[in-house]
Amino acid sequence: MNPRLRHWREAATLLLAAGPPGRPPRCPLGRSDYELLLLRRSGRSGFMPGAHVFPGGLVEAADFSAEWLAVLPPAPRCGLGAVKPPPPGGGRAPLFATDRERLGSPLPGEVAFRICALRETFEEAGILLLVPGRGPAPPLPAERLPPAAELGRWRRRVQEDPSCFLQLCRHLGCAPNIWALHEWSNWLTPVGRGGRRYDTAFYLCCLEERPPHGSQDDQEVTAVLWSSPPEAIERFKSQEMWIPPPQFYEFCRLCNFSSLSELHKFSSERALEGCERWMPVMLTASDGSIQLLPGDELYPEDPDYTGEKKTIMSTDKKIEELMKEGSVFHRIVIKTIHNYAVYVNIQAKYKHINPVMINCDSSDFNSKL
């Protein structure tokens, strides 16, 4: 953990994709032979109540425990591939670049954040992703997991005390499958949203099997849903569920991949390039708002990361006027909570891929500028 943080907390989340090869698509908006795990947050939650999100949560001190070194391969990277140096003019996201050893942890962020994402997925959805021994190794088969009742007891223990996740791994003679998680993106909650802010590592994991059974905990999570990217966007458009802007953006990016094998190949190769931290900057217009992202022509040269400058970006113009006046876009246009549009025409960095540009106010799934 990083005790020096004042303005936000560090967190990790998991984009868990699963599906047997050749699964026929079920949504007319686009083809996809895989689904992703979504969880509906409790309406009583203090952060994004009622939203459908990927599993994840706050990094705990237990995720950085030195005792993990007895479960995982040797430090410093515990068997993870090395991320390449950032390109000229770029930089490693601070979430990953922070020297954790100076903060008292022998585990680098890349390891601890993966442990956090896997622990939270078990806590929130009851899905446990392990490998036998110290790994890396093929995933632990479901039939080798404890009976459901015993696993439920472990789940409750981990929810009450995150350090019990390490105890569970030791009990089973297994390690959390950190090697199946590929670095995907890094989102920092915008300034001015009120309340909590999070600097979150997004990881992608592809399971070449049917989606594993998940169950809500009826505390933080009230429903578990598996959905393909096109299906999720269609459900969002029809107001069956609400997806926060970062998750919507990532679903639009995943719409580039119709097959799980294609997604897995891309993500495993691209992950070695690292990623940059994105903090959306809010621009309030007369009929909605725009979340500006790095590279957009309106994105500030010196973003107010902490909110201490009290910088407010607003205009009396309508969104349509702003779009007609501009030419370099990397933005999420928000007219209502169920009407988003993604516009991107910049070159993606770190060998990533831009999202399919989707306007939820249009029947044209692939509407573009």
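Residues numbered from 1 in each chain as written. Predicted model: local features only at pLDDT ≥ 70, side-chain atom pairs only at ≥ 80, totals over all residues. Heavy atoms only, no water.

### Focus on the environment of methionine 357
Mapping methionine 357 onto the fold places it in the segment after strand E15 (339-344). Sequence-wise, methionine 357 and cysteine 255 are 102 residues apart; in three dimensions their C-alpha atoms are separated by 9.6 Å. (Helix = DSSP H or I, 4+ residues; strand = E, 2+ residues; numbered from the N terminus.)

### Observations regarding empty space enclosed by the protein
Under the criterion given, the structure shown has one cavity of 30 Å³ or more. Approximately 180 Å³ is the volume attributed to the largest cavity. Every residue lining the largest cavity is counted, 21 residues in all, and those nearest its centre are Arg253, Glu276, Trp278, Lys349 and His352. Put simply, the parts of the chain that give the lining of the largest cavity at least two residues each are strand E7 (182-188) and helix H6 (245-254). Broken down by element, the residue count for the lining of the largest cavity peaks at three residues, all from E7. Taken together, the residues that form the lining of the largest cavity break down as nine nonpolar, eight polar and four charged. (1 Å grid on protein atoms, 1.4 Å probe; cavity = no way out; pocket = protein on both sides within 12 Å on 5 of 7 lines; lining within 4 Å. Points joined across faces, edges and corners; volume = space filled by probe spheres on them. Nonpolar A, V, L, I, M, F, W, Y, C, P; charged D, E, K, R; others polar.)

### A word on the sheet that holds E15
Strands sit in the order E13-E11-E12-E14-E15 across an open sheet of five strands; the sheet is mixed. Looking at the sheet topology across the chains shown, the edges are occupied by strand E13 (313-314) and E15. Two elements, strand E12 (residues 288-292) and strand E14 (residues 330-336), share four bridges in a ladder whose sense is antiparallel. Within E14, the residue paired with glutamine 291 across the bridge is isoleucine 332. Along the sheet, H6 contacts E12, E14 and E15; its crossing angle with E15, the most-contacted strand, is approximately 55°. (Pairing = 2+ DSSP bridges. Contact = heavy atoms within 4.5 Å. Axes fitted to C-alpha atoms, helices over the stretch in contact; angles between N-to-C directions.)

### A look at the nonpolar core
With 54 residues, the main nonpolar core has Leu14, Leu16, Trp68, Leu72, Phe113, Phe165 and Ile178 as its most contacted residues. Top element by residues in this core is helix H2 (residues 109-125). It accounts for nine residues. Those residues within four positions of leucine 72 in sequence are excluded, and the remaining contacts are Cys78, Val111, Ile115, Arg134, Ala175, Pro176, Ile178 and Trp179. Cys206, Ile233, Met241 and Phe257 belong to the second largest nonpolar core, which has 37 residues in total. (Core = buried A, V, L, I, M, F, W, Y, C linked by side-chain atoms within 4.5 Å. Buried < 20%, exposed > 50% of the residue type's maximum accessible area, 1.4 Å probe, protein only.)

### Looking at the packing of H2 against helix H3 (residues 148-160)
Contact geometry of H2 with H3 gives a least axis separation of 9 Å together with a crossing angle of 120°. H2 and H3 meet at a crossing whose hand is left-handed. Taking contact as the criterion, the partners of Arg119, Phe122, Glu123, Glu124 and Ala125 in H2 are, on H3, Leu151, Trp154, Arg155, Val158 and Gln159. Tallied by class, residues from the contact of H2 with H3 come to five nonpolar, one polar and four charged. (Left-handed = near helix turned anticlockwise from the far one by under 90°.)

### Structural notes on the confidence of the model for the chain
Per-chain confidence: the chain averages 90 in pLDDT, with 93% of residues scoring 70 or above. Taken as a whole, residues 362-369 scores under 50 in pLDDT and shows 20 contacts with residues more than four places along the chain or in a different chain. (pLDDT = per-residue confidence, 0-100.)

### Observations regarding the layout of surface pockets
Approximately 1000 Å³ is the volume found for the largest pocket. Lining the largest pocket we find 46 residues, and of these Arg41, Phe47, Met48, Thr189 and Tyr198 sit closest to its centre. If one sorts the elements of the lining of the largest pocket by residue count, H2 sits on top with four residues. When grouped by side-chain class, the residues that make up the lining of the largest pocket number 25 nonpolar, 11 polar and 10 charged. By volume, the second largest pocket amounts to about 520 Å³. Contributing to the lining of the second largest pocket are 26 residues, with Gly126, Ile127, Leu128, Leu145 and Pro212 lying nearest its centre. With four residues, the top contributor of residues to the lining of the second largest pocket is H3. In the lining of the second largest pocket, the residues fall into 17 nonpolar, six polar and three charged.

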